Structures are given as structure tokens and as C-alpha cells.
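# Geometric and topological summary
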Amino acid sequence: MSERVVELKDVWVRFDGISVLEGVNLEVEEGDFMGIVGPNGAGKTTLLRIIVGLIRPDEGYVRVFGREPWKLGELRSLVGYIPQRHEAERFFPITVYEVVALGRIHRRRWARRLSGDDRRKIEEALREMGMLEHAGKLFGELSGGQQQRVLLARALAQEPRLLILDEPTSGIDQPSQENFYSLLSRLHDMGMTIIMVSHDIGAITDRVTKIACLNRKLYMHGCPADVMKSEKLNRLYGMNVFLLTHEGREERK
Amino acid sequence: MNLPEMLQYGFMQRALMAGVIVGALTAAIGTYVVLRGMAFLGAGISHAAFGGVALGYYLGLNPSAVAIIFCVLVSWAIAVTGRLTRLKSDVPIGVFFAATMSFGAIIINLIKEYNVDLFGYLFGNILAVSKVDLIITASLGVILMFLVFIFYHQFLYITFDSQMARVSGIPVVAMDMLLLSMISVAIVISIKVVGIILVSALLVAPSATVMGWVRNFKALMAFSILVGVLSSLGGIVISYYLNTPSGATIVLLLTLTFLTSSILLKIKKG
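If you're wondering where the values come from, they're calculated on a predicted model, not measured in any experiment.

Another aspect to go through is the overall build of chain A. On a plain count of helices and strands, chain A comes out with eight helices and 11 strands. Within chain A, the proportion of its 253 residues that are buried is 42%. At a minimum sequence separation of 6, the contacts of chain A that also span at least 24 residues come to 66%.

Listed below in C-alpha cells is the structure:
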């Protein structure tokens, strides 16, 4: 049986008395590629921020690798996180290599220099993401798609077992999106557990192995094929949903 | 009067040494101030120093020591108020900026025997750098530079993306408080050289000058320190020959450097 990587039971979050998440239950097992979809303001980012330990829920049970996410300790390096599109200042003086090197920080307490092992992992991550030849470039000079690949390389450099991505392809052109999803699929094939949030159902249903639909409550949770046939999808978005998949199929729900 | 002659004066030796320390320190810490968009915070903290200095005089304690504690507390208060009220960071800075100056004005008014060199504190008084001041400045400067070096990766990560840094296990709130404390100390020990009103330029101008020319963070810090040190030394030397206030001369030299750099950068990039 696969290890349970993420477990949420009856999780409630309120901001200024307004419910953002209502009784959410979610399980993610090792090797899953889970997509979380839902309209804007559904609480998707909040859910991810709970999983990575940035927010504590008002009520409920949350475990990541069997521990509360804000008390992960040395297991913290197992969680790679890419928040919503990072708008880097164009002149922020940091190279692609330096960004990826930040992923090794948990192994480089204080002012320690990069070890040979650190350098190997950084180069591996850059190569994996096809960004090795850009290592000396300024991060801010890259295109949106390239920047996301660099941030993914940074997450990989910390050798995570769980990758969490918040709308990783928003604001990125279609070919770059395809390229990015292919990279994620390859990582998943290599055994990485991935949780990805998107408002674009069509873009992710072909890629993920499980899907959860969120609009404050978690409406469905299962295989994409089953979830997409459900009438509940319309309730989630509050309207009829046209689903465009990557094969060009159009299916009216 | 030639340069070696100028160096024969003890006060000039101390002024130049203080200028090197203060120029390097504020430029190094200023890289984070500029990249994190905290320039106004620098101005806010430096003006709070006025309240601290006044309080020190009123209590009969060392004004600089009291100003350090006062500025650290005010910087933390600005951060905590910002978090609690969820207002944009410039709002609590604007409030504390005026409040601490007002506090200082009231305290100065309460001092019966008025012999405070107010103008010196506001605009700097290089002649007032004593041996003890220099030892304190050097000691605190070494401690702060050590902290900049030790926490280099952590501060860089937080500056680049504080959310990712938090998830990576960096105690972002504690590190922010440490950075605010470091900014406060750097500001207070720079006051004798450039003054309360002008000190924020030392924090901001060197990295603003270098930004756009460098391609990595280490280079930004190294060249900012170079600009900070050379501007401080240059300003002190020019002020000696032109008989102008040293703080104002340093700041105007820095401004000139920044403007020249910006124009050259614009020409270079088209």
C-alpha cells in the first residue's frame, strides 16, 4: 500500500469570519499526480498554503508525511513549493544558477559554500528542466515559461518527494505550458508525488491521475474521467461547463 | 593645504575611518533595503533616531545607545502594526515617522539646560566623532558585517521570495526582525557622519547606483560597498577642501554618482 503523503480531515479556514474552506477532506498518496481545480476565490491557494504550512486551519486535522506541516522539521526539504507566478523584478541581480542554488539552502546552514554534491544536484536539476545553458543569465531576463522551469529546478534541487504547484502556467504562452506539463509528467513517471492547482480544468485533466474540485468545499475527489462526467462540476462553477481537452475534444457537461 | 597635511589631524583620521565603516556597512545592508522596496522604512527609522537621541539626553544616558534601542523598537513596532492592520507598509512608517520626530521635539523642549547639538544630529558633525565613537562604530560595524555574511543565503532567499523561503524552513519573521534591527543599528552609528535627515541616502543610493550593471547578488553587494566607501571618503575629502558640511557633501556626491550611473545605463541599454 502506498504511503499517505498528505491527509486533511474536516479542515475549516475563516478569514475575518468568512469561510474560505469548509470541512475539506483530502488524501494524497505517494506517486499521485493530483490536480485541484475550481473557480477563482474557491480557496485553492489557501488549501495549498495549509499543506505547505504557511497557514494553520481554524479547525481540522492536517498531516504531511505524518506530521503537522508547520512542524515538519527536517522533513521540510521533502516538500517543494512553487507559489503563484513569481513576478521577478527585471533587474533583480540573481542568476538562474543562484535561484536554483537556493533549493540547497537547507543543507547549507549559515554561510557554508556549495559542496560538490550541491553543485551536482543544481546542475542535474537545471539539465532536467532544460535550463543548464541559461545558468549564467539573469532570472528576470527570462520568459515566464523559462522562469517557471527555473523555479521547478530550484524545487527539484532540494530533492523533494512532494511537489506543490500553484497555478504554475498562468500567464504563460501555450507552447511553454505544454512543455511545462510534459516536464511534470516526466517527474511523475519518475515517482514524484505532485499536487497542482489550476483554474483551467481542460489543461490538467489529461495530465493528472486524480482530481479534486474545490469551491470552499471539496466537491469531488477521484479519477479525472469519473469527476469530469459528474453533474457536480456545473454546481462547482455555478454554470454549464464546456470542457476543452488537449486532444481537441469538446465535451459539454 | 595638501592631502597628507589633512591626514595629520586626528579628527580627520577618525572621520575618514568612520566614513569607511559607515559607507561599507550601510551599502551592504542597503542592498536588501533596495531590493525589498524598504527605502521609505530607512527614512522612517532614521527619523525615529531623533526621538531616541532626545530621550538619551533627557535621561542623561548615552544618546546613541538610547537611539539604537529606540530605533530597533520603533522598527519592530512598524512591522507589527503593518501585520496587525494589514495596511500597506508605507502607512505605519508614515505615522511613526512623524510621531517619533514629534516625540523628540517635545523631549528636547523638556530639557532644561539646552546644550544639545541638534544641527549636528540632524545633518551630521564629522568633528564630533570621538575615539570612543570610532571604537563603538567599528565594533558594531564588525558585528553587523558578520551577520550580513552569516545570514547571506537566508536574507537573499527571503528577498527573492519570502513565501518559498518560509516553506524551505527559514524563520522569515525572525529574520525580518533581525534585518530591521541591523538597519536600525547601521542608521544610528551613521548619524554622526551624515545626520538623521540624510542617512537614508547612504542605505539606498549605493545599490541603486550599482543595480542594472551587475548580474549577480554577490557583485551587487561588493560594488555597492565600493560605491558607499568611495563616496563617503570622497565626500569627507571634498567637504574638507570646500569647507562644506560633510554629511551633505557625501549625500550629494552619492546622488551625482547615482544620476550618472542611471544616465550611462540608459545610454548603454538604449
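Back to the write-up after that little detour.
Attention now goes to the overall build of chain B. From N to C terminus, chain B includes 13 helices and zero strands. Going residue by residue from the N terminus, the α and β elements of chain B occur as α-α-α-α-α-α-α-α-α-α-α-α-α. Computed over the C-alpha atoms, the radius of gyration of chain B is 18 Å, within 12% of the 18 Å expected from 2.2 N^0.38 for a compact globule of 270 residues. Here chain B, with 270 residues, has 49% of them falling under the buried criterion. Of the contacts made within chain B by residues no fewer than 6 positions apart, 73% connect residues no fewer than 24 positions apart.

Counting 155 residues, the largest nonpolar core has A:Val100, A:Ala153, A:Ile164, B:Ile29, B:Ala49 and B:Cys71 as the members making the most contacts within it. Top contributing element to this core by residue count: helix H2 (residues 10-35) of chain B, with 13 residues. A:Ala153 has contacts with A:Val100, A:Ala125, A:Leu126, A:Glu128, A:Met129 and A:Met131, leaving out every residue within four places of it along the chain.

What follows concerns the sheet that holds strand E1 (residues 4-15) of chain A. Residue and element names in this part refer to chain A. Reading across from one edge, E2-E1-E4 is the order of the three strands in this open sheet, with antiparallel pairing throughout. Taken across any chain shown, the strands that pair with only one partner, and hence form the sheet edges, are strand E2 (18-29) and strand E4 (59-64). Taken over all neighbouring pairs, the strand axes of this sheet differ in orientation by 15° on average, direction set aside. Bridge count for E1 against E2 is eight bridges, and the pairing is antiparallel.

All right, on to the confidence of the model for chain A then. The pLDDT averaged across chain A works out to 82; a share of 81% of its residues lies at or above 70. Counting interchain partners and residues more than four positions distant, the pLDDT-below-50 stretch residues 242-253 of chain A has 18 contacts.

Another aspect to go through is the environment of B:Leu144. Residue and element names in this part refer to chain B. Relative to the elements of secondary structure, Leu144 occurs in helix H7 (residues 131-150). Here Leu144 falls in the buried class, since 22 other C-beta atoms lie within 10 Å of it. Along the chain, Leu144 and Thr26 lie 118 residues apart, while their C-alpha atoms are 9.9 Å from each other. Sequence-distant contacts of Leu144, that is, excluding residues within four places in its chain, are made with Leu25, Ile29, Met182, Val185 and Ala186.

The next thing to look at is the interface of chain B and chain A. Contact with chain B, which involves 22 residues of that partner, is made by 21 residues of chain A. Elements represented by at least two residues in the side of chain B that touches chain A include exactly H7, helix H8 (152-160), helix H9 (162-167) and helix H12 (217-242) of chain B. For the side of chain B that touches chain A, a count of residues per class yields 13 nonpolar, six polar and three charged.

Bringing the environment of B:Met6 into the picture now. All names here are of chain B. If you trace the backbone, Met6 turns up in helix H1 (residues 3-7). The partly exposed category is assigned to Met6, around which 16 C-beta atoms lie within 10 Å. In sequence terms Met6 and Tyr241 are 235 residues apart; their C-alpha atoms lie 9.2 Å from each other.

Another aspect to go through is the confidence of the model for chain B. Averaged over every residue, the pLDDT of chain B is 90; the share at 70 or more is 97%. ipTM for the predicted complex: 0.82, alongside a pTM of 0.86.

Another aspect to go through is helix H4 (residues 63-85) of chain B. For an α-helix, 3.6 residues make a turn, and residues three or four places apart therefore share a direction. Residue and element names in this part refer to chain B. Helix length check: H4, at 23 residues, gives a terminal C-alpha distance of 32 Å against a target of 33 Å (1.5 Å per residue), a fit within 8%. Inspection of H4 places Pro63, Ser64, Val66, Ala67, Ile68, Phe70, Cys71, Val72, Val74, Ser75 and Ile78 among the buried residues, and these make up the whole buried set. Considering only its buried residues, H4 is in contact with helix H3 (39-59), helix H5 (90-110) and helix H10 (172-194). Just downstream of H4 lies Arg86, where phi reads positive at about 55°.

Attention shifts here to unusual backbone geometry. Residues and elements named next belong to chain A. The residue Phe65 is not glycine, and still its phi comes out positive at about 50°. With respect to the helices and strands, Phe65 occurs in the loop between E4 and strand E5 (79-82). Phi at Glu159 is positive, roughly 55°, even though this residue is not glycine. Inspection of the secondary structure puts Glu159 in the loop between helix H4 (144-157) and strand E6 (162-166).

Okay, the packing of helix H11 (residues 199-210) of chain B against H12(B) next. Between two packed helices, both the angle of their axes relative to each other and the distance between the axes serve to describe the pair. Residue and element names in this part refer to chain B. As a packed pair, H11 and H12 sit with axes 8 Å apart at the nearest point and diverge in direction by 120°. Compared by their axis directions, H11 and H12 come out oblique. Two packed elements cross with a definite hand, and for H11 against H12 that hand is right-handed. Here Leu202, Pro206, Ser207, Thr209 and Val210 of H11 come into contact with H12, specifically with Leu220, Phe223, Ser224, Val227 and Gly228. Residues that form the contact of H11 with H12 fall into these classes: six nonpolar, four polar and no charged.

How each quantity is defined
- Residues numbered from 1 in each chain as written.
- Chains lettered and ligands numbered in written order.
- Predicted model: local features only at pLDDT ≥ 70, side-chain atom pairs only at ≥ 80, totals over all residues.
- Helix = DSSP H or I, 4+ residues; strand = E, 2+ residues; numbered from the N terminus.
- Buried ≥ 20, exposed ≤ 12 C-beta atoms within 10 Å, placed from the backbone.
- Contact = placed C-beta atoms within 7 Å.
- Rg over C-alpha atoms; globule rule 2.2 N^0.38 Å.
- Core = buried A, V, L, I, M, F, W, Y, C linked by C-beta atoms within 7 Å.
- Pairing = 2+ DSSP bridges.
- Axes fitted to C-alpha atoms, helices over the stretch in contact; angles between N-to-C directions.
- pLDDT = per-residue confidence, 0-100.
- Nonpolar A, V, L, I, M, F, W, Y, C, P; charged D, E, K, R; others polar.
- Expected span 1.5 Å × (residues − 1).
- Parallel < 35°, antiparallel > 145°, perpendicular 65-115°, else oblique.
- Left-handed = near helix turned anticlockwise from the far one by under 90°.

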